[in-house]
Every structure is written in C-alpha cells, then in structure tokens.
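# Structure assessment
Here is how the chains run, residue by residue.
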Amino acid sequence: MAGTAARRDRTHYLYIAVIVAVVLGVAVGFAAPGVAVELKPLGTGFVNLIKMMISPIIFCTIVLGIGSVRKAAKVGAVGGIALGYFTVMSLVALSIGLLVGNVLHPGDSLAVTDAVKEAGQGQVVAEAKDTVEFLLGIIPTTFVSAFTTGEVLQTLLVALLAGFALQAMGPAGQPVLRGVEHIQRLVFRILGMVMWAAPIGAFGAIAAVTGSAGLDALKSLAVLMLGFYVTCFLFVFIVLAALLRIIAGLNILTFFKYLGREFLLILSTSSSESALPRLIAKMEHLGVSKPVVGITVPTGYSFNLDGTMIYMTMASLFIADAMGDPMSLAEQIPLLLFLLVASKGAAGVSGAGLATLAGGLQSHRPELVDGVGLIVGIDRFMSEARALTNFAGNAVATVLIGTWTKEIDKERVDQVLAGLVPFDEKTLLDDASTDPADPADAEPNGRPEAREGDKAAAGV
C-alpha cells in the first residue's frame with residue numbers, strides 16, 4: 001500500500017508539472033513569439049507518441065472484451081445502440097451550431113482579402129474522402145497494415161474479427177486471450193512511461209500556438225470564438241449533463257472530476273486522441289464492461305464528434321456572412337445533413353476540424369471555400385474547445401450505452417466516483433486485477449471473467 005501511494009504521489013506531481021508547463025508556454029509565446037513557434041515539434045512529438053499506442057490498445061481492449069462474451073448478439077446490440085446514439089447526438093450538435101450561428105451573425109463585419117482566399121484554398125485536403133471511399137477505407141490492405149497506418153476504424157475492424165473468431169473457438173481460444181491480456185498490460189505500462197513527457201509536450205504545443213496567433217489576430221474574431229466556447233459549454237453542461245443525470249443518475253461534475261487529468265491533457269495538447277487510451281482504461285475501471293468500452297470509445301472517436309459538429313455549422317454560417325452570401329434556412333438544412341455525412345467521410349484526416357470544414361464546403365458550397373482562411377488564425381484556439389467537447393461526449397456516451405445495455409456495475413461506479421477505488425496511474429490498470437495466467441480467474445467454460453479483477457479491487 002505504501003508503494004502504491006508513492007506511485008500516485010509521483011503522478012500527481014506529473015500533472016502539476018503539466019499545469020506549470022502550460023503557464024510557461026503561454027508566457028514564452030507572448031514574450032518571444034519567434035522562438036515559441038519553433039517549439040511546436042515538442043508538442044507534435046508528444047501527441048505522436050500517444051497516437052503510436054492507440055492501435056495496440058484498441059486491438060487488445062476489443063479482443064479481450066468480445067472474446068470474453070458468451071453471445072455475439074450482445075456485441076451487435078452494443079454497436080447498434082452506439083451508432084444510433086451517435087447519429088442523433090450529431091444532429092443535435094449540428095442543429096445547436098446552426099441556431100447559435102443564426103443568432104450571433106459574427107461574420108457580418110469582416111472582409112475577405114486575396115491572402116485570406118489563398119489560405120482558405122490551402123485547407124482543402126486531398127485526402128478527405130467521400131462516403132463510399134470512407135467505407136472502403138475501413139478495410140485494411142493487410143491484417144498488419146491496420147496497425148501501421150494509424151487508421152482507428154481499420155484497427156477496430158480487425159479487432160472485431162479477431163474477437164468474434166476467439167469467441168467462436170471457445171476454450172481453444174483461451175491461451176490467445178491470455179496472451180493478448182499480457183500484451184495489453186505491456187502496452188499500458190509503456191503508455192504510463194510516455195506520459196512522463198506530457199509537461200514537455202504541453203509546453204511546446206501551447207507556446208507555439210500562442211506565439212503564432214498573438215492578440216491582434218484574435219480581436220476581430222473574438223465574437224466567433226466566445227460564441228463557440230459558450231455553445232460548447234452549454235451543450236456539455238445542459239444537454240450531456242441532463243442525459244447523464246436522467247439515464248445514468250450521475251452528476252456530470254463528479255464524473256468529470258474523475259476524468260480531470262484527461263481533460264488537462266487534452267487542453268494542453270488540443271488533441272482528444274491524446275486521452276483515448278486513458279479513457280478506455282478509466283471507463284473499464286469505472287465499471288463499464290469491456291465490450292461496451294471497446295466498441296463505444298473507438299467508434300465514438302470517428303462518429304461522435306459533438307464539438308466538431310458545432311464548430312462546422314457555426315463556422316459555415318460565419319464564412320457565408322463574411323463572404324456576403326448569407327445562407328437562408330432552406331440552404332442551411334441541406335448543409336446540416338451534408339456535414340453530418342462529410343464529417344464521417346473525413347474522419348482521421350490530419351487537422352480534421354478545419355480540413356473537414358474546407359472539404360465539406362468544397363463539395364457543397366465551393367464559392368465559400370475562400371472564406372475558410374478567415375478562421376485559420378484562430379482555429380488552433382477553437383480546437384481546444386472542439387477536443388474537450390468531443391472527449392466529454394464520448395465519455396458520457398460510454399456510460400449511457402453501458403446503462404442502456406445493462407453492462408455497467410452501478411455499485412462499482414458509485415465507489416469509484418466517491419474515491420473509494422482509486423485508479424492506478426502507473427499501469428493504467430487496477431492494482432488488484434487478476435493474474436491472466438491464473439486458471440482460477442477463468443469462468444467454468446474457460447473464458448476469462450472480464451470484471452473479476454474490478455470486483456476484487458472494489459472489495460466485493
């Protein structure tokens with residue numbers, strides 16, 4: 001117990017160091033903008049280290065979750081409910097963005113210069129795919145290439161196939177499942193080591209964005225930024241909070257306190273992907289079953305981007321107003337439906353927020369693409385709110401879907417949120433997890449009991 005407390009103390013100091021690094025990064029960005037911009041590789045390098053771990057973590061999580069379930073129909077039910085919920089929430093977020101954009105009209109007083117037009121055209125990414133290409137792109141070239149291309153949905157497909165195959169193998173697949181569990185522990189331990197570079201990454205990322213944008217570039221766009229921030233805040237603390245309270249009976253502030261370190265990590269890197277592995281580990285620790293976590297979280301990172309939805313509709317109306325070509329309501333509805341599809345077709349594209357917006361306008365309203373350059377200067381700041389909202393939406397979705405499918409241990413949830421069952425920050429796994437090599441931890445049919453370690457940790 002003493003050793004465990006010491007490890008937690010060290011990780012506590014790590015996140016204090018991240019906060020200090022963010023403050024120093026802002027100071028350097030204002031004091032020496034030229035030097036600060038050159039620090040961007042520090043932030044990029046840290047985010048890339050995290051992304052390096054995403055595919056193996058998703059693979060192990062899904063394979064263990066599905067392989068431990070007796071009936072394949074349960075996994076199908078989870079996936080169907082998840083996709084239905086993601087579609088509804090995407091429409092809600094897009095509609096809220098349109099509503100706020102119509103109320104604020106923040107782009108009325110801006111002008112589009114030639115430099116802005118060039119910047120806008122530069123954001124149209126060739127890699128953005130239409131819906132058919134996107135669906136075909138889910139299929140990897142080879143079994144192994146799913147892990148090397150960085151495509152989350154390709155990894156998800158391979159993991160689903162492997163999980164169902166192991167499930168069909170029954171007791172014969174038990175040794176493979178135990179091997180995957182050992183690999184998962186190794187991967188999470190490596191991730192714990194990588195996290196010690198978080199202060200360096202946070203310093204570089206914040207310094208670069210502060211140095212490149214500066215104050216002058218932000219003043220004329222403050223209305224759009226503030227409107228977007230407020231909209232995301234209200235979406236999270238009214239819409240998501242109400243769903244979490246009504247369906248799961250949880251207070252969103254208590255829930256977010258449990259995820260506080262993940263929010264800090266996203267705030268400092270502007271990337272919700274940086275917290276994906278930790279979200280998977282923490283949702284399982286919270287008491288949500290492995291199949292629900294393994295399917296909901298990775299799929300949500302491509303299909304449940306609430307912050308990006310709000311951003312795209314608000315930014316589209318902003319650009320249309322600034323270009324002197326405001327959209328009527330009859331034009332906005334088709335745009336809403338188009339962006340619902342376009343956001344999925346461009347999933348995984350680098351700089352997804354701005355690139356998806358430019359790609360969507362290029363296909364739907366090409367005359368507005370030139371105006372994308374108007375928000376290039378502040379997109380990095382708006383990406384903070386996008387990433388935080390996307391993460392919050394996926395965290396809440398995991399609990400909701402676990403509740404609907406009755407795949408959540410509510411007693412465990414209460415204990416974890418009350419601080420009675422602390423999360424092991426060193427291994428990102430429970431201290432009292434069962435030994436995957438111990439036959440005593442298996443069910444009578446030879447399959448591992450997914451929640452046995454969690455019950456031991458909770459003392460039940």
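What follows is about the overall build of the protein. For the protein, the count of helices and strands is 22 helices and 0 strands. Split into buried and exposed, the 460 residues of the protein put 56% on the buried side. In the protein, once contacts between residues fewer than 6 apart in sequence are set aside, the share between residues at least 24 apart is 84%. Only carbon and sulfur atoms are counted for the fraction: they give 67% of the accessible area of the protein, which is about 18,700 Å².

Here the focus is a nonpolar patch on the surface. A surface patch of nonpolar side chains, amounting to about 570 Å² of accessible area, comprises Val 230, Phe 233, Leu 234, Phe 237, Ile 238 and Leu 253. No other element matches helix 12 (residues 222-248), which puts 5 residues into the nonpolar patch. Positionally, Leu 234 belongs in helix 12.

This next bit is on the packing of helix 3 (residues 40-67) against helix 9 (residues 174-194). Viewed as axis vectors pointing N to C, helix 3 and helix 9 meet at an angle of 155°, and their least axial separation amounts to 9 Å. By the angle class used here, helix 3 and helix 9 are roughly antiparallel. Between helix 3 and helix 9 the crossing geometry is left-handed. Residue-level inspection shows Phe 46, Leu 49, Ile 50, Met 53, Pro 56, Ile 57, Cys 60, Thr 61, Val 63, Leu 64 and Gly 67 of helix 3 in contact with helix 9, the latter providing Leu 177, Val 180, Glu 181, Ile 183, Gln 184, Val 187, Phe 188, Ile 190, Leu 191 and Val 194. Each residue belonging to the contact of helix 3 with helix 9 can be placed in one class, and the counts come to 17 nonpolar, 3 polar and 1 charged.

For the rest of this paragraph, the subject is the nonpolar core. Ranked by internal contacts, the top residues of the largest apolar core, which has 116 residues, are Leu 240, Leu 244, Phe 255, Leu 259, Met 283, Leu 286 and Val 399. The leading source of residues in this core is helix 3, at 12 residues. Not counting residues within four places of it along the chain, the set of residues in contact with Leu 244 comprises Gly 249, Leu 250, Asn 251, Ile 252, Phe 255, Val 396, Val 399 and Leu 400.

All told, the structure shown has 8 aromatic pairs when counted by the stated rule. Arranged with centres 4.6 Å apart and planes meeting at 40°, the rings of Phe 233 and Phe 237 form a pair that is tilted. A residue pair is termed a helical-turn pair when its members lie 3 or 4 positions apart in one helix, as Phe 233 and Phe 237 do in helix 12 at 4 residues. Given the relative accessible area of 31%, Phe 237 is considered partly exposed. Here a set of aromatic residues connected by ring pairs shows up, and it is made of Phe 233, Phe 237, Phe 255, Phe 256, Phe 263 and Phe 391. The positively charged end of Lys 282 is found above the aromatic ring belonging to Tyr 258, 4.8 Å away from the centroid. We note Arg 386 situated over the ring of Tyr 311; from NZ or CZ to the ring centre the distance is 4.2 Å.

Its location among the elements puts Ala 320 in helix 17 (residues 306-322). Residue classification places Ala 320 among the buried residues on the basis of a relative accessible area of 0%. Setting aside anything within four residues of it in sequence, one finds Ala 320 in contact with Asp 325, Pro 326, Met 327 and Leu 368.

When the terminal C-alpha atoms of helix 3 are compared, their 41 Å separation across 28 residues agrees well with the 40 Å that a helix rising 1.5 Å per residue should span. Maximum bend of helix 3: about 30°, positioned at Ile 54, with proline Pro 56 one to four residues after it.

Scanning all chains against the criterion turns up 4 salt bridges. When the shortest N-O distance is used, the salt bridge between Arg 278 and Glu 262 registers 2.5 Å. Taken together, the residues span a long stretch of sequence, with Arg 278 in helix 15 (residues 276-286) and Glu 262 in helix 14 (residues 260-269) at a distance of 16 residues. The two residues Arg 278 and Glu 262 agree in class, both being buried. For the salt bridge of Glu 262 with Lys 282, the shortest nitrogen-to-oxygen distance reads 3.2 Å.

Definitions and cut-offs
- Residues numbered from 1 in each chain as written.
- Predicted model: local features only at pLDDT ≥ 70, side-chain atom pairs only at ≥ 80, totals over all residues.
- Heavy atoms only, no water.
- Helix = DSSP H or I, 4+ residues; strand = E, 2+ residues; numbered from the N terminus.
- Buried < 20%, exposed > 50% of the residue type's maximum accessible area, 1.4 Å probe, protein only.
- Contact = heavy atoms within 4.5 Å.
- Areas by Shrake-Rupley, 256 points an atom, 1.4 Å probe, with all protein chains shown as cover.
- Patch = residues over 30% accessible without salt bridge, like charges linked within 9 Å, V, L, I, M, F, W, Y side chains within 5 Å.
- Salt bridge = Lys/Arg side-chain N within 4 Å of Asp/Glu carboxyl O.
- Axes fitted to C-alpha atoms, helices over the stretch in contact; angles between N-to-C directions.
- Parallel < 35°, antiparallel > 145°, perpendicular 65-115°, else oblique.
- Left-handed = near helix turned anticlockwise from the far one by under 90°.
- Nonpolar A, V, L, I, M, F, W, Y, C, P; charged D, E, K, R; others polar.
- Core = buried A, V, L, I, M, F, W, Y, C linked by side-chain atoms within 4.5 Å.
- Phe/Tyr/Trp six-rings, centres within 6.5 Å; stacked < 30°, edge-to-face > 60°.
- Lys NZ or Arg CZ within 6 Å of the ring centre and 35° of its normal.
- Expected span 1.5 Å × (residues − 1).
- Bend = angle between axes of the 7 residues up to and from the residue.

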